[in-house]
Amino acid sequence: MKEKLEELKKRFAVVNDLQRAAAVLGWDQQTYMPPRGASARAEQLATLQKLAHEHFIADENGALLNDLAASAAQLPYDSDDTSLIRVTKRDYDQAKRVPPALVEEMARVASLAFEAWHHARAESNFKLFQPHLEKNVALRIQLANYLGYTDRIYDALLDQYEPQMTTAQVEAIFAPLKKEIVALVRKIAHKADAVDAAVLHREYAEQTQWDFGVQVIKRIGFDFERARQDKSAHPFTTSFALDDVRITTRLSKNFLPSALFGTIHETGHALYDLGGRAELDRTPLAGGASLGAHESQSRLWENVVGRSRGFWQFWFPRLRETFPAQLADQTAESFYRAVNKIAPSFIRVEADEVTYGLHIMLRFEMENALVEGRLQVADVPEAWNAKMKEYLGIVPPDDARGCLQDVHWSYGDLGYFATYLLGSMFAVQLYDKATRDVPAIPEQIARGEFGALLGWLRQNVHTHGRKFTLDELARRVTGEPLQSRSYVAYLKKKFGEIYQV
Ligand code: ZN
């Protein structure tokens, strides 16, 4: 077994190198590449992704995986080797169903669609993006048909981001959650004036915001020897190796939370990647369990920690030293309330914790309708605005603040959005368990110490890499399946107290 396993790992290391090289090009495209580099970059990315795919689906890998499956079954389910074979066999069987030409085509179309989206958003002109989105949707329908599904076509797409989670499962979680959130939004709407967030819209010098963010994330545990931060239109995290993780942020002079919480959010993702084990690096088990698991880490640091009262007890005096004029009339408590203002808004990434879920449900429902043929791409802006009106009571004044705001559809990432809300739920489920295990965590956060929480997350979540599904991880770490009960209780308690509802 040992020799065959070593051979398999060597072969997967090549795949990993190709994928990580493609990630470097993708990162560069979103950060430093000059605009006219786009078409050459599209070809380079398509070539690398096709090569990675071909290397991964090589028949030799399939034979090795089959040979190893029997002996792996003798070992514990959670051992590194058994997990590698189990997880990779599933990846392999799926990838084998997809023709390399389709992978290449999806990459090429996505690269060009990204550039088109960029222009379309800048000009708030959906027509510029529409033909690209039509191609992306058509290619994802093809992909889903190659991958196969038993119940809903969307299952095949969702599975790419949240392995083994089905559309029906997500709908079963979202339906009761939607009722709770809508009820809470309505209650809070009657007390909209209870929180004044005007302070967040004063003028804050961008470089000073950047510097403050760096100070915060260093203290949380972001290691600039192993990671770096740059600027991009849409913040993201990507990882080239265990010791080379990248995050990006965007700065807004007149909206303080954009960079501040965006930076903490991406740091949560980065800490997950940085918390992996060297033994799993350069193998298919490197990285996070799923996108939902990944998002649990970013949302935990951004919201459960970053928007907590304790966090601002420590950081507010430092922020006021940084921006004395802008914050002269504020206290830690008033600032805590300001960053937790609940108000329907257009932009998902800037949405508050309560309304955020509705932004996700809107996208999840629209994607389902697109791939099931119930919605045409040309009708996306209208459908988007109708749902915004229904769920949040507001209509975006233009498509830049509506259906063009997110980068995902430009990449053809249909099936992705649900993971954001699953992650937000899991963040609370994890934090509840962490504080039961280590009750001192909240007091430490109020002293600006984050080591106990980060250590707990490394030990219970990060160390496993991609070994488990989100639900397996939830059961293993918290003793119960992924659930929304903790999340609803958290929202009701926190915002019930702030708004007295
Ligand atoms: Zn995220």
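Note that the structure is predicted; figures quoted are calculated from it, not measured.

Student: Explain the pattern of salt bridges to me, please; I cannot follow it from the model alone.
Tutor: It is possible for side chains of opposite charge to pair when their charged atoms get near one another. Across all of its chains, the model carries 39 salt bridges by this definition. With its nearest N and O atoms 3.0 Å apart, the salt bridge here joins Arg277 to Asp80. A residue pair is termed long-range when its members are at least 10 positions apart, and Arg277 in the loop between helix 10 (256-274) and helix 11 (291-305) and Asp80 in helix 4 (residues 80-96) qualify at 197 residues. Its relative accessible area of 23% is what places Arg277 among the partly exposed residues. For Asp80, a relative accessible area of 25% corresponds to the partly exposed category. The shortest N-O distance in the salt bridge between Asp398 and Arg401 comes to 2.7 Å. Exposure remark for Asp398: the relative accessible area of 22% places this residue in the partly exposed category. Looking at Arg401, the relative accessible area reads 38%, which means it is partly exposed. Residues joined in a network through salt bridges with shared partners are Glu43, Glu104, Glu105 and Arg108.

Student: Mind showing me how you'd approach the coordination of the zinc ion here?
Tutor: The reference angle at a metal is 109.5 degrees if four donors form a tetrahedron and 90 or 180 degrees if six donors form an octahedron. Distances from the zinc ion to its protein donors, His265 (NE2), His269 (NE2) and Glu295 (OE), fall within 2.1 to 2.3 Å. Going along the chain, you hit the donors of the zinc ion in the pattern H-x3-H-x25-E. With His265 in helix 10 and Glu295 in helix 11, this residue pair connects regions lying 30 residues apart in the sequence. Across this residue pair, the class does not change: His265 and Glu295 are buried.

Student: Help me understand the nonpolar core in this model?
Tutor: Across soluble globular proteins, nonpolar side chains show a tendency to be buried alongside one another. If you look at the biggest cluster of nonpolar residues, it comprises 126 residues, and the most contacted ones within it are Phe174, Trp301, Trp312 and Leu453. Of all the elements, helix 17 (residues 418-437) adds the most residues to this core, at 11 residues. Among all residues touching Phe174, those that are not within four sequence positions of it are Ile360, Met361, Phe364, Ala418, Leu421 and Leu422. Phe12, Ala95, Leu280 and Leu285 belong to the second-largest nonpolar core, a separate cluster that totals 17 residues.

Student: Explain the side chain of Arg152 to me, please; I cannot follow it from the model alone.
Tutor: Looking at where Arg152 falls in the secondary structure, it is placed in the loop between helix 6 (126-147) and helix 7 (153-161). Looking at Arg152, its side chain comes within polar contact range of the side chain of Glu171, at 2.7 Å. Side chain to side chain, Arg152 and Asn368 meet in a polar contact 3.4 Å long. Beyond its immediate stretch of four places on either side in the chain, Arg152 contacts Thr167, Glu171, Asn368 and Glu372.

Student: Just checking my understanding: could you explain unusual backbone geometry for this structure?
Tutor: Most of the time, phi is negative for any residue but glycine, and the peptide bond is trans. Phi is positive for Ser124, close to 50°, though the residue is something other than glycine. Within the secondary structure, Ser124 sits in the loop between helix 5 (100-123) and helix 6. One non-glycine residue, Arg282, adopts positive backbone phi at about 65°. Tracing the sequence through the fold places Arg282 in the loop between helix 10 and helix 11. Residue classification places Arg282 among the partly exposed positions, given a relative accessible area of 44%.

Rules and cut-offs
Residues numbered from 1 in each chain as written. Predicted model: local features only at pLDDT ≥ 70, side-chain atom pairs only at ≥ 80, totals over all residues. Heavy atoms only, no water. Salt bridge = Lys/Arg side-chain N within 4 Å of Asp/Glu carboxyl O. Helix = DSSP H or I, 4+ residues; strand = E, 2+ residues; numbered from the N terminus. Buried < 20%, exposed > 50% of the residue type's maximum accessible area, 1.4 Å probe, protein only. Donors = N, O, S within 2.8 Å, 3.2 Å for Na, K, Ca; no water. Core = buried A, V, L, I, M, F, W, Y, C linked by side-chain atoms within 4.5 Å. Contact = heavy atoms within 4.5 Å. Polar contact = N/O pair within 3.5 Å; in protein donor to acceptor, adjacent residues only side chain to side chain.

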